[in-house]
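Descriptive analysis of the structure
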Amino acid sequence: MATKYDAIIIGTGQAGPALAGRLAGAGMKVAVIERKRFGGTCVNNGCIPTKTLIASARAAHVARRAGEYGVMIDGSITVDMKKVKARKDAVVRRSNEGLEQWLRGTENVTIYQGHGRFEDAHQVRVGDELLEADRIFINVGGRAATPALPGHDQVSYFNNSTMMEVDFVPEHLIVIGGSYIGLEFAQMYRRFGSAVTIVEMAPRLIQREDVDVSQAIGAILEAEGINLRLSAQCIALEKRGDKVAVNVDCSAGDKTVVGSHLLLAMGRVPNTGDLGLKNAGVTVDQRGYIEVDDQLRTNVPGIYALGDCNGRGAFTHTAYNDYEIVAANLLDGDPRRVSDRITAYALYIDPPLGRAGMTEAEVRKTGRKALLGKRPMTRVGRALEKGETQGFMKVLIDAETKEILGASLLGIECDEVIHSILDVMYAKAPYTVIQRAMHIHPTVTELIPTMLGELKPLE
Ligand SMILES: Cc1cc2nc3c(=O)[nH]c(=O)nc-3n(C[C@H](O)[C@H](O)[C@H](O)COP(=O)(O)OP(=O)(O)OC[C@H]3O[C@@H](n4cnc5c(N)ncnc54)[C@H](O)[C@@H]3O)c2cc1C
């Protein structure tokens, strides 16, 4: 006999818990299933721990640079990784336990701990329990991909989850994958004191970004002593005593990098293979992402997919926005849609990259007339005062409508500054609204109007 609910939520990532709260608040009986740790990737192995570790790494970096500010530190700067990890664990625990307590204490919500698997379109099994509901919300997220590189079975390696247990400074960390996750770990471990090599198959880091952004980020990392091995077309792994050798076959330099530890940061895959989706008739694409429409409905009536598992976003804010869209449609009579949102994210190297809308390459591809504004951080007073002048800000404008098409802001505080542009994009207001705004001095954001006053045609 199945236990009946009004709704079943599988996974407690960034969409499920908030949705559980809304549905339960509306009087529905809700079952929430979690097989591992409450809060999913962001809380336990993603955003929160990495940004906490990055804060420790930045403290070490600033301490090493203290003399530049006239601050003298007697003795060397050392990093106690056990303390760094304990700080990270405490921040994670606060979120993870807080979420679990809140969910368990929420009226109308029943928690099931275990792996959820569809028996059919209305029934989900968790261990010995069979649950039934007309509405089922899938929020199962994703995990690190482990491509079968030649030799991968000979060596041990970390991924973003197992890196969370590291409480020592690796002598030489090799990071395979020069995209968002790989770069954050690479810079943080360099600052903790490791030698770091990034191995990337493509000819440049974070290929999704514009060439000037990739190059500037490469220069920032190299200036800190990170070794970049790009165009590594034939990556192969080999055990060498207690070390790991990575054949990189780069166009220049030694063909092999030997390190003490290896991190694979080669993308993510959705947790959809073991969900019994076939039993429910839910379709997935070739890469295993659940196919959804603009309101996050799957092909099976009553079943929705939210967060990373639907392939429509790969961020905490996209997963949370999925929750808002589903809740608005189901409970508020508000037809919000995925296509309402504007691409936005940050890369948390230091200084960070804040992104909104289209890249310059994407704007060029559309063939429309556009205007470009660009300003190096060396011409931003606030950055000079702080002694942090790496990077640049770039914005693209539609020459006819005057609407902002996109921005890439690489520099100190740019993960925050980008929102001044993003909000005007949501308002669909012309760029002149920001250009004429009086901003506070001295800030990084105050230079956005100045940059917008110096636009040139995109040639
Ligand atoms: C290293 C790293 C750093 C990141 N940094 C950022 C960042 O700074 N900013 C940002 O916006 N995003 C960041 N992300 C991405 C972000 O973590 C994810 O986009 C976000 O967590 C997606 O949330 P979700 O709700 O889709 O699923 P998840 O958070 O992955 O949660 C899914 C949950 O479902 C559970 N589950 C899976 N299958 C089942 C099942 N069959 N039965 C029961 N439970 C199940 C899992 O145990 C998990 O708890 C980062 C990711 C990584 C890996």
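Relevant structure appears above.
A quick note: this is a predicted structure, and the numbers were derived from the prediction, not measured.

**Some remarks on the sheet that holds strand β23 (residues 404–410)**
Pairing within the open sheet is antiparallel, and its six strands lie in the order β19-β20-β23-β22-β21-β24. Each edge of the sheet is formed by a strand with only one pairing partner; in this case those strands are β19 (344–347) and β24 (456–457). Contacting β19, β20 (353–357), β22 (392–398) and β23, helix α11 (residues 414–427) crosses the sheet at an angle of about 175° to β23.

**Some remarks on the pairing of strand β3 (residues 30–34)**
When you tally the buried positions in β3, you get five out of five residues, the bulk of the element. Bridging between strand β2 (residues 7–10) and β3 involves four bridges; their strand directions are parallel. The residue of β3 that forms the bridge with I9 is V32. Each parallel crossover has a hand, and for β2 linked through helix α1 (residues 16–25) to β3 it is right-handed. Across five bridges, β3 lies against strand β4 (residues 109–113) in parallel orientation.

**Topic: the pattern of salt bridges**
Any two side chains of opposite charge can pair, on the condition that their charged atoms come close. Counted according to the given criterion, the structure contains 32 salt bridges. A salt bridge links D89 to K88, with the nearest nitrogen and oxygen atoms 2.8 Å apart. Of the residues examined, K88 reaches a relative accessible area of 3% and is grouped as buried. The shortest N-O distance in the salt bridge between D294 and R337 comes to 3.8 Å.

**A closer look at the environment of E132**
With respect to the secondary-structure elements, E132 resides in strand β7 (residues 129–132). A relative accessible area of 23% means that E132 is categorised as partly exposed. As a C-alpha pair, E132 and Y5 span 127 residues in sequence and 6.0 Å in three-dimensional space. With sequence-adjacent residues up to four places away left out, E132 is seen in contact with A2, T3, K4, Y5, I8, H122 and Q123.

**A closer look at the state of the cysteines**
Under the defined criterion, the tally for this structure stands at one disulfide. Across the disulfide, C42 is cross-linked to C47 (sulfur-sulfur distance 2.3 Å). Every disulfide takes its handedness from the sign of the S-S torsion; for C42 and C47 that torsion is -135°, giving left-handed. Classification of C42 as buried rests on a relative accessible area of 8%. The class of C47 is partly exposed, set by a relative accessible area of 27%. The structure places no disulfide on C309, whose sulfur is separated from the nearest cysteine sulfur, that of C42, by 15 Å. We classify C309 as buried; its relative accessible area is 0%.

**Remarks on the environment of K374**
Considering the arrangement of structural elements, one finds K374 in strand β21 (residues 370–376). Sequence separation between K374 and K394 is 20 residues; the distance between their C-alpha atoms is 4.3 Å. If sequence neighbours within four positions are ignored, K374 has contacts with D212, F392, M393, K394 and M451. Polar side-chain contacts of K374 include one of 2.7 Å to the side chain of D212.

**Regarding the packing of helix α3 (residues 47–64) against helix α4 (residues 81–104)**
Relative orientation of the contacting elements α3 and α4 amounts to 145°, with a least axis distance of 9 Å. Once α3 is placed against α4, the crossing between them reads as right-handed. Facing I48, P49, T52, L53, A55 and S56 of α3, the residues of α4 in contact are V84, R87, K88, V91, V92 and S95. Its residues assigned to classes, the contact of α3 with α4 shows seven nonpolar, three polar and two charged.

**Focus on the sheet that holds strand β1 (residues 3–4)**
Strand order across the open sheet formed by four strands is β1-β7-β6-β5, with mixed pairing between neighbours. The open sheet is flanked by β1 and β5 (116–118), the only strands paired with a single partner. When β5 meets strand β6 (residues 123–126), the two strands line up antiparallel, connected through three bridges. In the sheet register, R117 faces β6, and the bridge partner there is R125.

**Some remarks on the packing of aromatic side chains**
Scanning the model with the defined rule gives six aromatic pairs in all. Measuring from centroid to centroid gives 6.1 Å for Y5 and Y112, while their planes differ by 90°, and the two rings are edge-to-face. Linking Y5 in the loop between β1 and β2 with Y112 in strand β4, this pair joins segments that are 107 residues apart in sequence. By relative accessible area, Y5 is classed as buried at 9%. With a relative accessible area of 11%, Y112 lands in the buried category.

**What to know about the site of the ligand**
The local shell around the ligand holds 38 residues, among which Q14, E34, T41, N139 and D308 are the closest. Here a nitrogen atom of the ligand sits 3.3 Å away from a polar atom, N or O, in the side chain of H115. One of the backbone nitrogen or oxygen atoms of T316 is found 2.9 Å away from an oxygen atom of the ligand. Isolated, the ligand exposes 1000 Å² of accessible area, and the fraction of that covered by the protein chains is 95%. Secondary-structure elements contributing two or more residues to the shell around the ligand are β3, α2 (40–44), α3 and α8 (316–331). Along the lines of polarity and charge, the residues of the shell around the ligand split into twelve nonpolar, 19 polar and seven charged.

**Regarding the pairing of β20**
With five of five residues buried, β20 is to be regarded as a mostly interior element. Note that β19 and β20 share four bridges and pair antiparallel. Its bridge partner lying in β20, Y345 is registered against R355. In sequence, β19 turns back onto β20 through a hairpin of five residues. As paired strands, β20 and β23 are joined by five bridges and run antiparallel to one another. Residue pairing across strands places R355 opposite S408, the latter belonging to β23.

Quick notes on the rules
- Residues numbered from 1 in each chain as written.
- Predicted model: local features only at pLDDT ≥ 70, side-chain atom pairs only at ≥ 80, totals over all residues.
- Heavy atoms only, no water.
- Pairing = 2+ DSSP bridges.
- Helix = DSSP H or I, 4+ residues; strand = E, 2+ residues; numbered from the N terminus.
- Contact = heavy atoms within 4.5 Å.
- Axes fitted to C-alpha atoms, helices over the stretch in contact; angles between N-to-C directions.
- Buried < 20%, exposed > 50% of the residue type's maximum accessible area, 1.4 Å probe, protein only.
- Right-handed = clockwise from strand over helix to strand, strands pointing away.
- Salt bridge = Lys/Arg side-chain N within 4 Å of Asp/Glu carboxyl O.
- Disulfide = S-S within 2.5 Å.
- Polar contact = N/O pair within 3.5 Å; in protein donor to acceptor, adjacent residues only side chain to side chain.
- Left-handed = near helix turned anticlockwise from the far one by under 90°.
- Nonpolar A, V, L, I, M, F, W, Y, C, P; charged D, E, K, R; others polar.
- Phe/Tyr/Trp six-rings, centres within 6.5 Å; stacked < 30°, edge-to-face > 60°.
- Near = heavy atom within 4 Å.
- Areas by Shrake-Rupley, 256 points an atom, 1.4 Å probe, with all protein chains shown as cover.

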